[in-house]
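# Fold and geometry: a report
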Amino acid sequence: MAKEKKTNTAENADISKSKAKREERKKEVARDRRQKRTTKIITITVAAVLAAIILFAVGKSVFLVVIRTTSAENPSVGLTADGKIENVNVKDIVTLADYANISVPEEEVAAKTEEVEDSIKSTLEQHKEPSTDTSIAIADGDEVNIDFVGTVDGVEFEGGNSNGEGYDLTIGSGSFVDDFEQQLIGHKPGEEVTVEVTFPADYDGEDVAGKDASFAVTINSINITPELTDEFVAKNITEEGVTTAAEYRAFVENNFYEQHLKEFLTNYILENSTVKSYPSQYLKTMRALLKYNDEQMLASYEQMPAYYGFSMYENLWDLRDDDVSDELSYELELRERAKEDAKNAMVYQALFEDAGLTIDMESVYAEMTEQYGEESVTQMKETNGEGYIAQNEIKEAVVEHLTTLYKK
């Protein structure tokens with residue numbers, strides 16, 4: 001009996017091992033199936049993503065073909081000879097701001113003291129004159145005229161002699177080596193000064209690089225900025241009705257006041273007028289002009305860098321803001337710019353008509369001819385067209401009308 005029991009136990013063990021193998025095989029088959037399903041799902045997903053990307057790229061390309069703007073250079077396209085938009089009644093689509101009742105804040109349009117002083121200073125500096133007054137000492141920032149002879153170990157070196165021709169130098173500009181310029185401060189016209197310097201080791205000139213040098217300098221003159229006096233105004237200012245320093249200052253202040261007033265009024269009108277709809281053909285024309293101008297700008301930027309073998313900008317969208325990064329975003333932004341320019345043109349035209357303003361283009365061309373010459377005016381007409389010139393005159397007439405309404 002004991003032997004029979006042992007046999008049964010062995011048989012049971014064999015059955016258990018066989019069952020375990022079958023179970024393991026089932027698990028392997030299940031794993032294989034799961035893996036195949038997962039692989040299939042991943043494959044389908046990747047294919048779908050790739051298909052979506054391809055479709056998007058194809059769709060984007062097709063979309064660009066549809067919306068891509070063709071540039072045009074004639075700014076008079078879509079305009080009548082008197083500067084108005086063809087086949088558009090602006091009164092029907094523009095709601096004008098109440099331009100007859102604008103509250104103008106004095107603090108925004110008044111001339112600022114700093115800008116007036118800067119303008120007067122700029123005018124005075126344009127009339128600097130060399131002075132040999134021996135009582136005037138050189139100060140940092142002064143413009144001086146000097147002659148010099150440079151030597152290293154007592155031997156004159158190439159390029160170190162002004163040859164008595166006089167050299168204009170601004171003290172503090174860093175134009176000369178080491179502290180050459182600073183050593184002239186405090187000296188006066190007529191003085192001869194010895195300036196000691198050390199050339200940098202990497203200086204472009206092997207005969208002087210890294211060496212000590214001595215310059216015999218003669219101070220010829222100091223450019224002096226005149227003061228705003230009645231005498232200066234009488235001699236240098238040609239503005240009508242300006243004969244004294246006080247009158248010139250008042251003239252400058254009034255110029256800034258009128259400039260600020262014009263800016264405030266035009267901004268107010270454009271921001272507070274609304275457009276109900278935009279003429280599609282005129283928008284297309286505006287886009288074409290804007291793109292042409294961008295192309296011309298890109299070409300001008302390319303000229304100088306190309307000479308040196310590099311490029312600043314490669315595409316039109318490189319000229320725009322950071323959020324314009326490719327052709328699609330450029331075309332979309334171009335449409336926004338076109339709408340803005342179209343709105344401005346329509347608002348100016350609407351106000352021009354509403355105020356009953358008129359333009360005598362014959363007088364305009366006569367003034368332009370007197371100022372620029374007949375040949376230049378003829379070229380302007382050929383390049384821009386009479387419609388564009390007249391449209392600009394509409395804008396000028398509107399701005400002058402507004403300024404007259406509110407000027408003190």
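Relevant structure appears above.
Residues numbered from 1 in each chain as written. Predicted model: local features only at pLDDT ≥ 70, side-chain atom pairs only at ≥ 80, totals over all residues. Heavy atoms only, no water.

### Describing the overall build of the protein chain
Across its full length, the protein chain carries 11 helices and 8 strands. The burial tally for the protein chain puts 32% of its 408 residues in the buried class. In the protein chain, once contacts between residues fewer than 6 apart in sequence are set aside, the share between residues at least 24 apart is 70%. Accessible surface computed for the protein chain: about 26,200 Å², of which carbon and sulfur atoms make up 49%. (Helix = DSSP H or I, 4+ residues; strand = E, 2+ residues; numbered from the N terminus. Buried < 20%, exposed > 50% of the residue type's maximum accessible area, 1.4 Å probe, protein only. Contact = heavy atoms within 4.5 Å. Areas by Shrake-Rupley, 256 points an atom, 1.4 Å probe, with all protein chains shown as cover.)

### Let's talk about the packing of aromatic side chains
Using the criterion set out here, one finds 12 aromatic pairs in the structure. Between Tyr 248 and Phe 251, the ring centres sit 6.2 Å apart and the planes meet at 25 degrees, which makes this aromatic pair stacked. Of this pair, Tyr 248 and Phe 251 both sit in helix H6 (residues 245-272), 3 residues apart, which is roughly one turn of the helix. Relative accessible area serves as the criterion here: at 24%, Phe 251 is assigned to the partly exposed category. The interplanar angle of 55 degrees and the centroid separation of 5.2 Å between the aromatic rings of Tyr 301 and Tyr 313 together place this pair among those described as tilted. Separated by 12 residues along the polypeptide, Tyr 301 in helix H7 (residues 280-307) and Tyr 313 in the loop between H7 and helix H8 (327-354) bring together distant segments of the chain. (Phe/Tyr/Trp six-rings, centres within 6.5 Å; stacked < 30°, edge-to-face > 60°.)

### Considerations on the nonpolar core
The biggest cluster of nonpolar side chains holds 43 residues, and the ones touching the most others in it are Val 94, Ile 269 and Met 346. Listing elements by their share of this core, those giving two or more residues are helix H2 (90-93), H6, H7, H8 and helix H11 (386-406). The dominant element in this core, judged by the number of residues it contributes, is H8, at 11 residues. Setting aside its immediate chain neighbours within four residues, Ile 269 contacts Ala 97, Tyr 99, Ile 102, Val 347, Leu 351 and Leu 402. Core analysis: the second largest hydrophobic core is formed by 22 residues, Leu 169, Val 177, Val 208 and Ile 222 among them. (Core = buried A, V, L, I, M, F, W, Y, C linked by side-chain atoms within 4.5 Å.)

### Quick word on unusual backbone geometry
In this structure, Asn 87 is a non-glycine residue whose phi angle is positive, near 60 degrees. Among the secondary structure elements, Asn 87 is positioned in the loop between helix H1 (2-67) and H2. Judged by relative accessible area, Asn 87 falls into the exposed class, the value being 83%. Look at Asp 178: it is not a glycine, yet its phi comes out positive at around 55 degrees.

### Quick word on H8
With 28 residues, H8 ought to run about 40 Å at 1.5 Å a step, and its terminal C-alpha atoms sit 40 Å apart, in line with that. Of all 28 residues making up H8, 20 are buried, and the element is well covered by its neighbours. Downstream of H8 by one or two residues, Gly 356 has phi in the positive range, about 70 degrees. (Expected span 1.5 Å × (residues − 1).)

### Section: the environment of Ile 67
Along the polypeptide, Ile 67 turns up in helix H1. Between the alpha carbons of Ile 67 and Leu 328 there is a distance of 8.8 Å; along the sequence they are 261 residues apart. If we skip the residues at most four places from it in the chain, Ile 67 touches Leu 328, Glu 331 and Arg 335.

### Quick word on the pattern of salt bridges
On inspection of all chains with the given rule, the structure shows 13 salt bridges. Glu 327 serves as the salt-bridge partner of Arg 68, at 2.5 Å between the closest nitrogen and oxygen. Linking Arg 68 in the loop between H1 and H2 with Glu 327 in helix H8, this pair joins segments that are 259 residues apart in sequence. The residue Glu 353 makes a salt bridge to Lys 84 at a minimum N-O spacing of 3.4 Å. One end of the pair, Glu 353, is in helix H8; the other, Lys 84, is in the loop between H1 and H2, and 269 residues separate them in sequence. Here Glu 353 falls in the partly exposed class, since its relative accessible area comes to 22%. Through salt bridges with shared partners, a single network forms among Asp 294, Arg 320, Glu 333 and Arg 337. (Salt bridge = Lys/Arg side-chain N within 4 Å of Asp/Glu carboxyl O.)

### Topic: a nonpolar patch on the surface
A cluster of nonpolar residues, Met 297, Tyr 301 and Met 312, forms a patch on the protein surface that exposes about 280 Å² of accessible area. The exposure class assigned to Tyr 301 is partly exposed, which follows from its relative accessible area of 33%. (Patch = residues over 30% accessible without salt bridge, like charges linked within 9 Å, V, L, I, M, F, W, Y side chains within 5 Å.)

### Observations concerning the packing of H8 against H11
Where H8 contacts H11, the two axes come as close as 9 Å, and the packing angle between them is 60 degrees. In this view, H8 runs oblique relative to H11, as classed from their interaxial angle. Relative to H11, H8 is oriented so that their crossing is left-handed. Residues Ala 345, Tyr 348, Gln 349, Leu 351 and Phe 352 of H8 form the contact with H11, whose participating residues are Gln 391, Ile 394, Lys 395, Ala 397, Val 398, Val 399, His 401 and Leu 402. Tallied by class, residues from the contact of H8 with H11 come to 9 nonpolar, 3 polar and 1 charged. (Axes fitted to C-alpha atoms, helices over the stretch in contact; angles between N-to-C directions. Parallel < 35°, antiparallel > 145°, perpendicular 65-115°, else oblique. Left-handed = near helix turned anticlockwise from the far one by under 90°. Nonpolar A, V, L, I, M, F, W, Y, C, P; charged D, E, K, R; others polar.)

### Notes on a negative patch on the surface
Taken together, the side chains of Glu 158, Asp 204, Glu 206 and Asp 207 make up a negatively charged region of the molecular surface. Among the secondary structure elements, Asp 207 is positioned in the loop between strand S6 (192-198) and strand S7 (212-224). Note on Asp 207: relative accessible area 39%, which makes it partly exposed. (Lys, Arg positive; Asp, Glu negative; His and termini not counted. Charge placed at Lys NZ, Arg CZ, Asp CG, Glu CD.)

### Remarks on the side chain of Asn 145
Note on placement: Asn 145 falls in strand S3 (residues 143-152). A distance of 2.9 Å separates the side chain of Asn 145 from the side chain of Asp 168, its partner in a polar contact. Among all residues touching Asn 145, those that are not within four sequence positions of it are Gly 166, Tyr 167, Asp 168, Thr 218, Ile 219, Asn 220 and Ser 221. (Polar contact = N/O pair within 3.5 Å; in protein donor to acceptor, adjacent residues only side chain to side chain.)

Purely spatial values, then, with no claim about function.
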